[in-house]
Structure formats: structure tokens, C-alpha cells
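# What the coordinates show
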Amino acid sequence: MEKAIPEVTLNDGTKLPVTGLGTYGLWGNAGANAVSSGINAGYRLIDTAYNYENEGAVGEGIKRSGVSREDLWITSKLPGRYHTYDKAMVAIQESLYRSKLDYFDLYLIHWPMPNQDVYVEAWQALIDAKKWGLIRSIGVSNFLPEHLERIIQETGVTPSLNQVELHPFFNQEEQRSVHKNLNIQTESWSPIAKAADIMSNETISKIAGVHHKTIAQVVLRWQYQIGSVSIPRSISPQRQRENLAIFDFALSDAEMTAIAELSRPDGRLFDMDPATHEEF
Ligand SMILES: NC(=O)c1ccc[n+]([C@@H]2O[C@H](COP(=O)([O-])OP(=O)(O)OC[C@H]3O[C@@H](n4cnc5c(N)ncnc54)[C@H](OP(=O)(O)O)[C@@H]3O)[C@@H](O)[C@H]2O)c1
């Protein structure tokens, strides 16, 4: 196993590894093998969602890995069609059933879908599911500052974490400062921007050359240094190990600034603005 991964402490006292394995598109037998190889490479945090239709493959991968359940942090997410309180409760239990787990370490509301306006009810369900022991920590995903403020105001409970699109082309500086003020941990989805255009970025390529690291490693190190938990997805055992080998070098202030300057207001990968984007 690779060297242990550093951890952050959430506002409920729970500790979480600073990087985990994304699983979007990891399905069936190949998906289970990828989860198992990721855990054996050293990943302890695994990110899935009801809507990825792979909670079963994730559960099977956990079993195949041979690593104890209590040494892992498993995240899943509530789909938009189950935001009402009763439906959310059923969905959480179905998520557990599919993954063959007794509890999730982290469960998130996948998207706020403000036009439907039911996310406060969904948040109340997560609060109660935590009390009942189905979930250890509760959080949200793709919540804009106004959505965070509203659930906190209406329930008195602050999410532990907000998982948002975050990579060098869309670095979420303002959103991160809102999280810091509210004591909410930032987590980055598509942390290496899906390994597309970024793989030929000259600025990052130059920095990678200086450190004898790959572009993915520089971007994941940048994620660590800005204080965001990253969840890169890879089906390949070799790239999984590569993405974990980020704790033996450091980016300088000048390198961090050069990467920060790559961010653009229209830098989202697919224009998925949480104010309007809906996923049921
Ligand atoms: N909350 C949300 O709304 C939301 C939205 C999107 C994603 N997510 C979560 O975030 C996770 C990560 O995001 P993502 O999957 O969209 O994108 P990503 O992790 O930024 O990139 C994944 C892509 O990069 C490739 N890759 C991984 N490591 C590489 C390396 N070292 N060198 C070259 N290519 C590499 C992967 O291919 P291989 O697999 O072939 O290596 C895959 O095509 C998802 O899997 C999911 O768990 C959440």
C-alpha cells in the first residue's frame, strides 16, 4: 500500500482523507475491480451516487478489496427525484441496500434544483437519517451560497461538506471563501477537469516538468494545497497509483498563483450551473 493519505477534520469532528476515488462510469464487474484496485492502491474514500447506478459495484469492490469497512469512508448522494422527506428516507435505505452497507460515512444532496424548491425537506431527511445512524456525516453537492444559507437558517444544521465542480479552469475562489466562513469542507468534482484540454496546458506542463511529475499529479497537488478534498476517477490501477503519489513534493507560491490564473468565469466543463441545472 502507498503511504497513508493526510486527513481533514469536518465540522462534526469526523476525519476525512484529502483525496478519494471517484466512480462515475465504473459499472459492473470492471467497476468492482476498479474500486478494489483503488482501495488496494491506498484509497480509503470512495465517491458514488444513487444516480451513477453503481452502488452495487462499489459495494462489491469494497468486499473484493479485503479492507475492513471501518477503515473506509463511503459517500453516496440523493437524486433530485427523491427530495421530499419520505422519498429521501426510502432512497437512503435503498442506497445502503444496493451497496450492501449498514451506514454511509457521508451522504450528500446531489443537486439543489432550486426550481423544484424541495431541497430543505431533503436536508431535514439527511439530518434525521444521521440521528438514526444510517449516515455518519451529512453534506451537499452543487449548493450555491444562497442554498447553503437557506438550509442552515431553516434547520439550524450546517452541512459538513459541499462537493462542487472545481479544477484549475474553474477554481471556485469565492465559493471556497464562503465555505471557509461557514466551516464547510470543500470537495472537488472533476478535479482533473476530466483529463481533457488540461492535459495539454502549457503552464501546468511546465510546472510538472520542474517537479518530474505528471499533469494530473500537479493538479491534484494543487487541489490539496488549496485545501479541497479531491476525488479523481480512474479505472486504471496504474493511474490510480499515479494520482495518489502527490504527497512527496510541494508547489511554490508562484506555481500556485500561475495555476490560479488559469481560472475563467465561464470555465465550467459543461455549463452545469446549479442555479438552473436539474438532474432527477
Ligand atoms: N457531484 C456531482 O455533481 C459530480 C459531478 C461529476 C463528477 N462527480 C464525482 O467526481 C468524480 C471525478 O470526476 P470525473 O470523473 O468527472 O472527472 P476527473 O476525475 O476529473 O477525470 C476523470 C478522467 O480522467 C482520466 N484520468 C484519471 N487519472 C488520469 C491520469 N493520471 N492521467 C490521465 N488521465 C487520467 C480518467 O480516465 P481513466 O479512468 O481511463 O483513467 C477519466 O477519463 C466522479 O467520478 C464522481 O465520483 C460528482
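The following paragraphs examine the structure supplied in this document. Fair warning: this is a prediction, and the values are worked out from it, not measured in the lab. (Residues numbered from 1 in each chain as written. Predicted model: local features only at pLDDT ≥ 70, side-chain atom pairs only at ≥ 80, totals over all residues. Heavy atoms only, no water.)

A word on the site of the ligand. Within the structure, the ligand sits among 28 residues, and Asp47, Ser190, Lys194, Ser234 and Arg239 are positioned closest to it. Contact distances for the ligand include 3.2 Å between a nitrogen atom and a side-chain N or O atom of Tyr52. The side chain of Ser190 places a nitrogen or oxygen atom 2.8 Å from an oxygen atom of the ligand. Considered on its own, the ligand offers 910 Å² of accessible surface; in the complex 87% of this is hidden by protein. (Near = heavy atom within 4 Å. Polar contact = N/O pair within 3.5 Å; in protein donor to acceptor, adjacent residues only side chain to side chain. Areas by Shrake-Rupley, 256 points an atom, 1.4 Å probe, with all protein chains shown as cover.)

Here the focus is the sheet that holds strand E6 (residues 104-109). Read across the sheet, eight strands follow the order E3-E4-E5-E6-E7-E8-E9-E10 without closing on themselves; strand pairing throughout is parallel. Edge positions in the open sheet fall to strand E3 (21-22) and strand E10 (229-230), since each of these has one partner strand only. Summarising the sheet, strand E9 (residues 185-189) and E10 pair through two bridges and their orientation is parallel. Pairing of Ser188 across the sheet is with Ser230, part of E10. Seen against the sheet, helix H4 (residues 119-131) touches strand E5 (73-78), E6 and strand E7 (135-141) and runs at an angle of roughly 165° to E7. (Pairing = 2+ DSSP bridges. Helix = DSSP H or I, 4+ residues; strand = E, 2+ residues; numbered from the N terminus. Contact = heavy atoms within 4.5 Å. Axes fitted to C-alpha atoms, helices over the stretch in contact; angles between N-to-C directions.)

A separate point is the layout of surface pockets. Approximately 680 Å³ is the volume found for the largest pocket. Lining the largest pocket are 30 residues; nearest its centre among them are Tyr24, Trp189, Ser190, Lys194 and Arg233. It is helix H9 (residues 237-244) that contributes the most residues to the lining of the largest pocket, three residues altogether. Across the lining of the largest pocket, the residue classes break down as 14 nonpolar, ten polar and six charged. (1 Å grid on protein atoms, 1.4 Å probe; cavity = no way out; pocket = protein on both sides within 12 Å on 5 of 7 lines; lining within 4 Å. Points joined across faces, edges and corners; volume = space filled by probe spheres on them. Nonpolar A, V, L, I, M, F, W, Y, C, P; charged D, E, K, R; others polar.)

A positive phi angle, close to 65°, is found at Asn142, a residue other than glycine. Here Asn142 is to be found in the loop between E7 and helix H5 (145-155). Overall, Asn142 belongs to the buried group, its relative accessible area being 4%. Phi is positive for Asn183, close to 60°, though the residue is something other than glycine. Here Asn183 lies in the loop between helix H6 (173-182) and E9. Its relative accessible area of 49% is what places Asn183 among the partly exposed residues. (Buried < 20%, exposed > 50% of the residue type's maximum accessible area, 1.4 Å probe, protein only.)

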